[in-house]
Amino acid sequence: MPRVAEGFARIRLLAAGICSTDLELQRGYYGFRGVPGHEFVGEVTEASETRWVGKRVAGEINLACGKCEWCAKGLGRHCPQRTVLGIVKHPGAFREYLTLPVSNLHRVPESIPTEHAVFIEPVAAACEILDQIKIAKQEPVAVLGDGKLGLLIAQVLHAHGARVQMFGRHREKLRIAERAGVTTELAGKKLPERRFPIVVDATGSAEGLREAISMTVPRGTVVMKSTVHGLVPIDTAPAIVNEITLVGSRCGRFEPALKLLASGKVRVEDLISEEFPLDRAPEAFERAATKGVLKVLLRAAG
Ligand SMILES: [Zn+2]
Ligand SMILES: [Zn+2]
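Just so it is clear, the model here is predicted, and its values are computed rather than measured. The numbers attached to residues start from 1 for each chain and follow its sequence in the written order. Starting at A for chains and at 1 for ligands, labels are handed out in the order in which the entities are written. This being a predicted model, a pLDDT of at least 70 is required before a residue's local features are given, and a value of 80 or more before pairs of side-chain atoms are given or counted; all residues contribute to the totals for chains, interfaces and linings. Only hydrogens and water are set aside when side-chain values are computed; all heavy atoms of the structure are taken into account.

Caption draft 1: The arrangement of the coordination of the zinc ion (ligand 1) in detail. Donor atoms from the polypeptide that coordinate the zinc ion (ligand 1) comprise C19 (SG), H38 (NE2) and E39 (OE), at 2.1 to 2.5 Å from the metal. Mapping the donors of the zinc ion (ligand 1) onto the primary sequence yields the spacing C-x18-H-E. Note that C19 is positioned in the loop between β1 (8-18) and α1 (20-26) and E39 in strand β2 (residues 39-47), a separation of 20 residues in sequence. Only N, O and S atoms count as donors, using a 2.8 Å limit from the metal and a wider 3.2 Å limit for Na, K and Ca, and since water is excluded some coordination spheres may look unfilled. Runs of H or I in DSSP of at least four residues are treated as helices and runs of E of at least two as strands, each being numbered from the N terminus.

Caption draft 2: Structural context of the packing of helix α4 (residues 120-132) against helix α5 (residues 148-160). Lines fitted to the C-alpha atoms define the axes, with helices restricted to the stretch that makes contact. Angles between their N-to-C directions range from 0 to 180 degrees. The interhelical angle for the contact between α4 and α5, taken along N-to-C directions, is 50°, at an axis separation of 9 Å. On the basis of the axis angle, α4 is oblique to α5. Crossing geometry of α4 relative to α5 is assigned as right-handed. Seen from α4, the contacting residues are P122, V123, A125, A126, C127, I129 and L130; seen from α5, they are L149, L152, I153, V156, L157 and H160. In terms of residue class, the contact of α4 with α5 is made up of 12 nonpolar, one polar and no charged. For classification purposes, an angle smaller than 35 degrees is called roughly parallel, one larger than 145 roughly antiparallel, one from 65 to 115 roughly perpendicular, and anything else oblique. Crossing handedness follows the turn of the near helix against the far one: under a right angle anticlockwise gives a left-handed crossing, and clockwise gives a right-handed one. Any two residues whose heavy atoms approach within 4.5 Å at even a single point are treated as in contact. Polar here means any residue other than Ala, Val, Leu, Ile, Met, Phe, Trp, Tyr, Cys and Pro, which are nonpolar, and Asp, Glu, Lys and Arg, which are charged; Gly is therefore polar.

Caption draft 3: The arrangement of the packing of aromatic side chains in detail. Stacked, tilted and edge-to-face are the three classes assigned to paired rings of Phe, Tyr and Trp, where Trp is represented by its six-membered ring and a pair needs centres within 6.5 Å; plane angles under 30 degrees give stacked, over 60 edge-to-face, the rest tilted. All chains considered together, the criterion is met by two aromatic pairs. Ring geometry for F94 against F285: centres 5.8 Å apart, planes inclined by 85°, an arrangement best described as edge-to-face. Linking F94 in the loop between β6 (89-90) and β7 (97-101) with F285 in helix α10 (residues 281-288), this pair joins segments that are 191 residues apart in sequence. According to the relative accessible area criterion, F285 is buried, its value standing at 8%. Ring geometry for F167 against F196: centres 6.0 Å apart, planes inclined by 80°, an arrangement best described as edge-to-face. With F167 in strand β10 (residues 163-168) and F196 in strand β12 (residues 196-201), this pair connects stretches of sequence that are 29 residues apart. You'll find F167 and F196 in the same group, each marked buried. One Lys or Arg, K73, reaches over the ring of W70 and ends 4.1 Å from the middle of that ring. Classification of residues uses two cut-offs on accessible area relative to the type maximum, computed with a 1.4 Å probe and protein chains only: under 20% is buried, over 50% is exposed, and between them is partly exposed. Charge over a ring is defined by NZ of Lys or CZ of Arg lying within 6 Å of the ring centre and within 35 degrees of the ring normal.

In C-alpha cells, the structure reads:
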C-alpha cells in the first residue's frame, strides 16, 4: 500500500491501458525498473484535499516541481526536475493502488465510461499537435501510420475541422478511422509527393520521417509523433531545400481530450482489442505486443 505524501492522493485502480511505451520499457529501452503504467482511471481513496475522495479520476503523468520557469509557464510537462508516472522514477498504474499529486488529477465526467476514459492520456497527446501548430479549418493534413496513436490523431484533427487523409497498411484499422469520418488510403509503395501542407508521422518506424518529409509541400510542417529507438538515418537535403519545419510532439493537456471524449467526437471503443484482469498482466503484455492488436486494457478486480 503506497504512502500518501503531502499534496498527493492515493488512487485505487479501476482500469489501465497498455501502450507501446510500456512494451518498450519492458524491453529495457529506458533502463526503467519498477511498476509501469501511465494510462489509467481510478478512484481516489485518500487525499490531502478531502474533496477528491471517492471521485473517479484520470491523472496527468508528469510530476513537476512547481517552482521552475517551465512550471511557471504552465509547462510542467517540460520541468527538468519532473518524474513521470510509470516511466521515470515514479511507480506506475499497473497495480491496485497508485499515488499522484492532487494537482495532476482530473475528474472523469459521468458521461465517459471508465474503459473509454483510459484513453484520455493518448488523446491528450494527439491534441498536443493543436497546441503546437495552427491548423486551419479544411486545411489538408496527412496522417501516416494506422496504429493506436495514428488513429487517435486522425480523429482529433478531423474533429478540429481539418481535411484529414490517413495513410496506413491495415485495411481493418483504417476502417476505424473511416467510421469516424476520416478519409483513408491504403499505403502502397508510392506515397504522394509534395502534396500536404501538414504531415503527421505516427508510423513508429524509421522510414516514417523520410516519407513524411517527401509528402510535404515547400514551407510545410512535419509533426513527429513517432519515437523510434536508435538512430534514424535521414537525408536532410529535402527538408532544407523545401524549408520544411519539423515539430517534435509528445504529451498534451488533458482538458481538450476530456472534452473530445465526452462529446463522442473521438471514438475509442473500436480501439479496444481485449481486456485482462490485473493479475493476468503478463498475458496482457504478451497480447499487447502481438502484431495487429490495438489497445489492451487491464482491469482491477471487484
Ligand atoms: Zn502511453
Ligand atoms: Zn518545474
